[in-house]
Amino acid sequence: MSILATRRRRAALAAATAAMIALGAACGSSDDDKSAAKTSASGSVQAEMITIKAGVNDPTHNQIAVLQYMPAKATVAVGQKVRWIWDETKEPHSVTFFPAGQAAPSPENAGPFFAPTLPTGAFDGSALVNSGLQPLGPQGAPPMEMTFSKAGSYSYLCVIHPQMVGTIVVGDTGETAAAVKTRGDQEQGQWLAEGNEAYQKLMAANPASTKNRDGSTTWKIEMGTTTAHTDILAFAPVPAAVEKGDKVTFVNNSMAPHTASFFNETPPIMNPEDPAVGKAAPGPSPQKLSSKGLYNTGVLPPNAPPGAGPPEAARSFTFSVPTAGEYQYICIYHAPSGMAGMIKAM
Ligand SMILES: [Cu+2]
């Protein structure tokens, strides 16, 4: 399936889901009905399912990725179903509940949690429940549903995005689907605004440059940026055209790992788990860029933890651009969000 067709299918799926949620909201709530638990004529308790989004990308601007659960916190009754959806995110996330006493891994050691460990019954906090990273690849992700058997407060997280933490509070009464959706929408609006502001700032900044002794210029390309709740998956612009003989240095000052990868009509690396992603090609920095063959920075690590990341040199890679031409590149990890750029040399 082409990427476009896949995106259309996912967009249609997302729209269908939104319509379903809206329908649920319309018939499931009223002002004097704050609790989702309803007693039927037979006396059994029926509870509405609530829905939480595991991340979203700005629908009109995919390069803005919200790294949050929306809403981050929800209250449910014992037995009330919670559903997490991935319909509106281009970036993979997990919903991972660790048993009490088991610490979460760091993003670098999260590999064992990329595969799912789905719930086998109502969750009581004693066993791992993990959606695995979803979606991986162009196909959409199925939702994850679970219920809780014991009152308490349960936190969960995304194994690769430390800023993504959610809480489910289990008590006597749960919230309605409408109340949860309203709060999720409010949070989403707030984080998208935060992301849009950061995007504008990244795009408006003048690229840092230094003059070299030989008269050439070295331009700095920022690889994305990070806010408290979003990742901006865009390369900051260099001038519309650089002079042949100039250099460009990719610098990762964000909180996400990135690559700058020029495939030049060689088969692109699309699988983020491919060992070639992390391998500088044809060799370590600096490299002389040409329009033939693969040029890859390898994974430039994030500037994390904040203020204590690896030195800038370890997060940078320089190419000289000896000949005029157009050189297109992507970040292998974030190509689904549209993280791509071009260097034009005259
Ligand atoms: Cu990236």
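This write-up is about the structure you can find in this document. By convention here, each chain's residues receive numbers from 1 onward along its written sequence. Given that this is a predicted model, residues contribute local features only at a pLDDT of at least 70 and side-chain atom pairs are listed and counted only at 80 or more, while totals for whole chains, interfaces and linings are drawn from all residues. Remark: hydrogens and water are excluded; side-chain values derive from all non-hydrogen atoms of the structure.

## Brief notes about the pattern of salt bridges
We define a salt bridge as a side-chain nitrogen of Lys or Arg found within 4 Å of a carboxyl oxygen belonging to Asp or Glu. Per the counting criterion, the structure on display carries six salt bridges. In this structure, the salt-bridge partner of D185 is K181, at a minimum N-O distance of 2.5 Å. With D185 and K181 both in helix α2 (residues 177-204) and four residues apart, the pair spans about one turn of that helix. Whether a residue is buried, partly exposed or exposed follows from its accessible area with a 1.4 Å probe, protein chains only, as a fraction of its type maximum: under 20%, in between, or over 50%, in that order. On the accessibility criterion, D185 (34% relative accessible area) is partly exposed. Of the residues examined, K181 reaches a relative accessible area of 25% and is grouped as partly exposed. With a closest N to O distance of 4.0 Å, K344 and E326 form a salt bridge. Of this pair, K344 sits in strand β21 (residues 340-345) while E326 sits in strand β20 (residues 325-330); the two residues are 18 residues apart in sequence, bridging distant segments of the chain. Secondary structure is summarised from DSSP: a helix means a run of H or I of at least four residues, a strand means a run of E of at least two, and numbering begins at the N terminus for each.

## Some points on α2
For α2, with 28 residues, the first-to-last C-alpha span of 40 Å sits near the 40 Å given by 1.5 Å per residue. Listed as buried for α2 are A177, A178, V180, G184, E187, Q188, W191, L192, G195, A198, Y199 and L202. Multiplying 1.5 Å by the residue count of a helix minus one yields the expected span of that helix.

## Here's the deal with the nonpolar core
Core analysis: the biggest nonpolar cluster contains 49 residues, and W84, F97, F148, I168, F250 and I343 have the highest contact counts within it. Note that domain bounds follow an automatic or database assignment of domains. Shared between two domains, this core takes at least three residues from each, and those domains are domain 1 (3-201) and domain 2 (205-345). Formed by twelve residues, the second largest nonpolar core is a distinct cluster that contains I64, V66, I232 and A234. Side-chain atoms within 4.5 Å are what join buried Ala, Val, Leu, Ile, Met, Phe, Trp, Tyr and Cys residues into a set we call a nonpolar core.

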